[in-house]
Amino acid sequence: MNNNLLSNLGIDPAYLFIALFVIQIILFLLLINANMKYARLKKTYLSFMKGKDGKTLEQSVYERFEALDALNEKLDDNELKMKYLYNEFQNSYQKTAIVRYDAFHEIGADVSFAWTILDGNNNGWIFDVMRTDKSTHLFLKEVVKGESYAELTSEERESLEKAVYQEEYDIRDMYETNEELE
């Protein structure tokens, strides 16, 4: 009777058995794949839980959070210290420039010089040392916010500009060097 049913539908029983056999092999391969994934997951879980039970694992997590909190406190403390150091650094002398020149055209060498020393706020001093073959003269001029209220010689002005815009000169030099390398 079953044979008549399959033959009425036009299906050969041999093809049906072959199809069922192929489906069974596919399901068997899927089962092996699932077991392999389960074994890897179990191995990872056991290595994670190695020597730990639920309570000690929870304690370990809390210890890590406490360590992170301590690091955050240190980070905040370091940020405050950095702000303090930055403010202190602004008041220290950090920019300087020297321009050498022949003041009186007597000696024949550039033994005179204008030396500018500035802090981060462009406050500081210009030292102008003029040397002759018989004497040396030292002039000191105050600089406030990148400007001097005393009259400046061309060498002093050049030294002041080099000190104030020192970072721009350095950056320009760096770009020129990189362009030469390319």
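Cut-off values and rules
Residues numbered from 1 in each chain as written. Predicted model: local features only at pLDDT ≥ 70, side-chain atom pairs only at ≥ 80, totals over all residues. Heavy atoms only, no water. Core = buried A, V, L, I, M, F, W, Y, C linked by side-chain atoms within 4.5 Å. Buried < 20%, exposed > 50% of the residue type's maximum accessible area, 1.4 Å probe, protein only. Helix = DSSP H or I, 4+ residues; strand = E, 2+ residues; numbered from the N terminus. Contact = heavy atoms within 4.5 Å. Salt bridge = Lys/Arg side-chain N within 4 Å of Asp/Glu carboxyl O. Polar contact = N/O pair within 3.5 Å; in protein donor to acceptor, adjacent residues only side chain to side chain. pLDDT = per-residue confidence, 0-100. Pairing = 2+ DSSP bridges. Axes fitted to C-alpha atoms, helices over the stretch in contact; angles between N-to-C directions. Arc of directions from axis to C-beta. Lys, Arg positive; Asp, Glu negative; His and termini not counted.

S.K.: What is the right way to read the nonpolar core from this model?
M.R.: Across soluble globular proteins, nonpolar side chains have a tendency to be buried as a group. Of all hydrophobic cores here, the largest spans eight residues; its members are Ala97, Leu118, Ile126, Val143, Leu152, Leu160, Ala163 and Val164. Of all the elements, helix α4 (residues 154-164) adds the most residues to this core, at three residues. Those residues in contact with Leu118 that sit more than four places away from it in its chain are Ser92, Tyr93, Gln94, Lys95, Asn123, Gly124, Val143, Leu160, Ala163 and Val164.

S.K.: What is the right way to look at the pattern of salt bridges in this model?
M.R.: Where side chains of opposite charge bring their charged atoms close, a pairing between them can arise. One pass over the full model with this rule turns up three salt bridges. A salt bridge links Lys141 to Glu156; the nearest nitrogen and oxygen atoms lie 2.8 Å apart. With Lys141 in strand β4 (residues 136-144) and Glu156 in helix α4, this residue pair connects regions lying 15 residues apart in the sequence. As far as burial versus exposure is concerned, Lys141 and Glu156 are alike and both buried. Of the charged contacts in the structure, one is a salt bridge between Glu158 and Lys162, with a shortest N-O distance of 3.7 Å. Pair noted here: Glu158 and Lys162 are both in helix α4, with a separation of four residues, about one helical turn. Owing to a relative accessible area of 37%, Glu158 belongs among the partly exposed residues under this scheme. According to the relative accessible area criterion, Lys162 is partly exposed, its value standing at 34%.

S.K.: How should the side chain of Ser159 be read in this particular structure?
M.R.: Assignment of secondary structure puts Ser159 in helix α4. In this structure Ser159 comes out as buried when scored by relative accessible area, which is 0%. Within the structure, the side chain of Ser159 is placed 3.2 Å from the backbone oxygen of Ala114, a separation counted as a polar contact. In contact with Ser159, other than residues within four places in its own chain, are Ala97, Ile98, Val99, Ala114, Trp115 and Thr116.

S.K.: How should I be thinking about the confidence of the model for the protein chain in this particular structure?
M.R.: Caution is warranted with low-pLDDT regions, since their predicted coordinates should not be read in detail. Summarising the model, the protein chain shows a mean pLDDT of 81, and 85% of its residues fall at 70 or more. Per-element mean pLDDT across the protein chain ranges from 54 in helix α5 (residues 166-181) up to 91 in helix α2 (residues 13-48).

S.K.: How should the sheet that holds strand β2 (residues 112-119) be read in this particular structure?
M.R.: Neighbouring strands of a sheet are bound in pairs by backbone hydrogen bonds; such pairs are parallel or else antiparallel. Within the open sheet, the five strands sit side by side as β1-β2-β3-β4-β5. Their pairing is antiparallel. Of all the strands in the sheet, just β1 (93-101) and β5 (147-148) have a single pairing partner and so form its edges. One ladder, built from six bridges, connects β2 with strand β3 (residues 124-131); its direction is antiparallel. If you follow Phe113 over to β3, its bridge partner there is Val129. Across the sheet, α4 is in contact with β1, β2, β3 and β4; its angle to β1 comes to roughly 145°.

S.K.: Explain α4 to me, please; I cannot follow it from the model alone.
M.R.: Residues that lie three or four places apart on an α-helix share one face, since the helix turns once every 3.6 residues. Buried residues of α4: Glu156, Ser159, Leu160, Ala163 and Val164, and no others. Looking straight down α4, one finds that the buried residues subtend no more than 130° of arc, so they occupy a single side.

S.K.: So what exactly am I meant to see when it comes to the side chain of Asp119 here?
M.R.: Within the secondary structure, Asp119 sits in strand β2. Within the buried core, Asp119 has no salt-bridge partner, and the shortest N-O distance to an opposite charge, that of Lys95, equals 7.3 Å. Asp119 has contacts with Gln90, Asn91, Ser92, Tyr93, Gln94 and Lys95, leaving out every residue within four places of it along the chain.

S.K.: Help me understand the environment of Val144 in this model?
M.R.: Its location among the elements puts Val144 in strand β4. In this structure Val144 comes out as partly exposed when scored by relative accessible area, which is 29%. Here the alpha-carbon distance between Val144 and Trp125, two residues 19 residues apart in the chain, equals 8.6 Å. Dropping the residues within four chain positions of it, Val144 is found in contact with Asn122, Asn123 and Tyr149.

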